[in-house]
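Architecture at a glance
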Amino acid sequence: MSTEQIIVYVLTALAALVVVLTRLRLGRGEGGAGRVYVGRALLTLHTVSGGLALVVWLVFLLGGDVVSEGTENLIGIAALALWWLVALAGLLILVRWLPSRGRHSADGTQDTWSDGPGLSVLAHVGMAAGVAVFTWAYLSSVV
């Protein structure tokens, strides 16, 4: 197994962790920390597409000998599309940290996970970077 393949597997595990922890952090009734409420639909999109992306990506990574080459390409493309959807939803979740102004704006809420948006930025910008690595690995036939 090459170094690039190991990196892809490690990033796959980290991506799964981001999806699960985002769901845990924002899935509670109070909506998690932030300044703006982003809504349940975006969180559900992030979680469902993340779960599907993980399953389809693992089928692509581990099922190379089982599926035909044409089908394998379709599975890889579907997995990448799902990962990009997860990354986009995650970046949109970061909107909750944008400052709000005006007479009716509310102060930001905190939780016990971190002070400020650092953890969310690390997770979701890291997810976008990881998906870029997945795409590069797929296009260059590393995986």
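A brief structural summary. (Residues numbered from 1 in each chain as written. Predicted model: local features only at pLDDT ≥ 70, side-chain atom pairs only at ≥ 80, totals over all residues. Heavy atoms only, no water.)

**Quick word on the packing of helix 1 (residues 3-26) against helix 2 (residues 40-62)**
At a closest axis distance of 10 Å, the pairing of helix 1 and helix 2 adopts a crossing angle of 155°. If you check the angle between helix 1 and helix 2, you find them roughly antiparallel. For the crossing formed where helix 1 meets helix 2, the hand is left-handed. Contacts from Val8, Tyr9, Thr12, Ala16, Val18, Val19, Thr22, Arg23 and Leu26 of helix 1 reach helix 2 at Arg40, Leu43, Thr44, His46, Thr47, Gly50, Gly51, Leu54, Trp57, Leu58, Leu61 and Leu62. A per-class count over the contact of helix 1 with helix 2 returns 12 nonpolar, seven polar and two charged. (Axes fitted to C-alpha atoms, helices over the stretch in contact; angles between N-to-C directions. Helix = DSSP H or I, 4+ residues; strand = E, 2+ residues; numbered from the N terminus. Parallel < 35°, antiparallel > 145°, perpendicular 65-115°, else oblique. Left-handed = near helix turned anticlockwise from the far one by under 90°. Contact = heavy atoms within 4.5 Å. Nonpolar A, V, L, I, M, F, W, Y, C, P; charged D, E, K, R; others polar.)

**A word on the layout of surface pockets**
Considered as a void within the structure, the largest pocket measures approximately 330 Å³ in volume. The set of elements that each furnish at least two residues to the lining of the largest pocket consists of helix 1 and helix 4 (118-139). The element best represented in the lining of the largest pocket is helix 4, accounting for 10 residues. Residues of the lining of the largest pocket, tallied by class, amount to 15 nonpolar, five polar and two charged. (1 Å grid on protein atoms, 1.4 Å probe; cavity = no way out; pocket = protein on both sides within 12 Å on 5 of 7 lines; lining within 4 Å. Points joined across faces, edges and corners; volume = space filled by probe spheres on them.)

**Some points on the packing of aromatic side chains**
For any two aromatic rings, the description comes down to two numbers: the centre-to-centre distance and the angle of the planes. Throughout the structure, instances matching the rule amount to four aromatic pairs. Summarising the aromatic geometry, the rings of Trp83 and Phe134 are spaced 5.6 Å apart at their centres and angled 55° between planes, so their arrangement reads as tilted. With Trp83 in helix 3 (residues 69-93) and Phe134 in helix 4, this residue pair connects regions lying 51 residues apart in the sequence. By relative accessible area, which is 0% here, Trp83 ends up buried. Members of the aromatic cluster, joined through ring pairs, are Trp57, Phe60, Trp83, Phe134 and Tyr138. (Phe/Tyr/Trp six-rings, centres within 6.5 Å; stacked < 30°, edge-to-face > 60°. Buried < 20%, exposed > 50% of the residue type's maximum accessible area, 1.4 Å probe, protein only.)

**Describing unusual backbone geometry**
Note: most residues except glycine have negative phi, and most peptide bonds are trans. One non-glycine residue with positive phi stands out, namely Ser141, at about 60°. Relative to the assigned elements, Ser141 resides in the segment after helix 4.

**A closer look at the packing of helix 1 against helix 4**
The geometry of helix 1 relative to helix 4 is characterised by a closest axis approach of 9 Å and an angle of 145° between their N-to-C directions. Note on packing geometry: the crossing formed by helix 1 with helix 4 is left-handed. Contact residues: Glu4, Ile7, Val8, Leu11, Thr12, Ala15, Val18, Val19, Thr22 and Arg25 in helix 1; Leu119, Ser120, Ala123, His124, Met127, Gly130, Val133, Phe134, Trp136 and Ala137 in helix 4. Its residues assigned to classes, the contact of helix 1 with helix 4 comprises 13 nonpolar, five polar and two charged.

**Digging into helix 2**
Compared with an ideal rise of 1.5 Å per residue, which puts 23 residues at 33 Å, helix 2 spans 33 Å between its outermost C-alpha atoms and is within 8% of the ideal. Turning to helix 2, its buried residues number three or more, namely Leu42, Leu43, His46, Ser49, Gly50, Ala53, Trp57, Phe60 and Leu61. (Expected span 1.5 Å × (residues − 1).)

**A word on the nonpolar core**
With 23 residues, the main nonpolar core has Trp57, Trp83, Met127 and Phe134 as its most contacted residues. Those elements that provide at least two residues to this core are helix 1, helix 2, helix 3 and helix 4. Sequence-distant contacts of Trp57, defined by excluding residues within four places in its chain, comprise Val8, Thr12, Gly76, Ala79, Leu80, Trp83, Phe134 and Val143. Membership of the second largest hydrophobic core comes to five residues, among which are Leu42, Leu43, Ala89 and Ile93. (Core = buried A, V, L, I, M, F, W, Y, C linked by side-chain atoms within 4.5 Å.)

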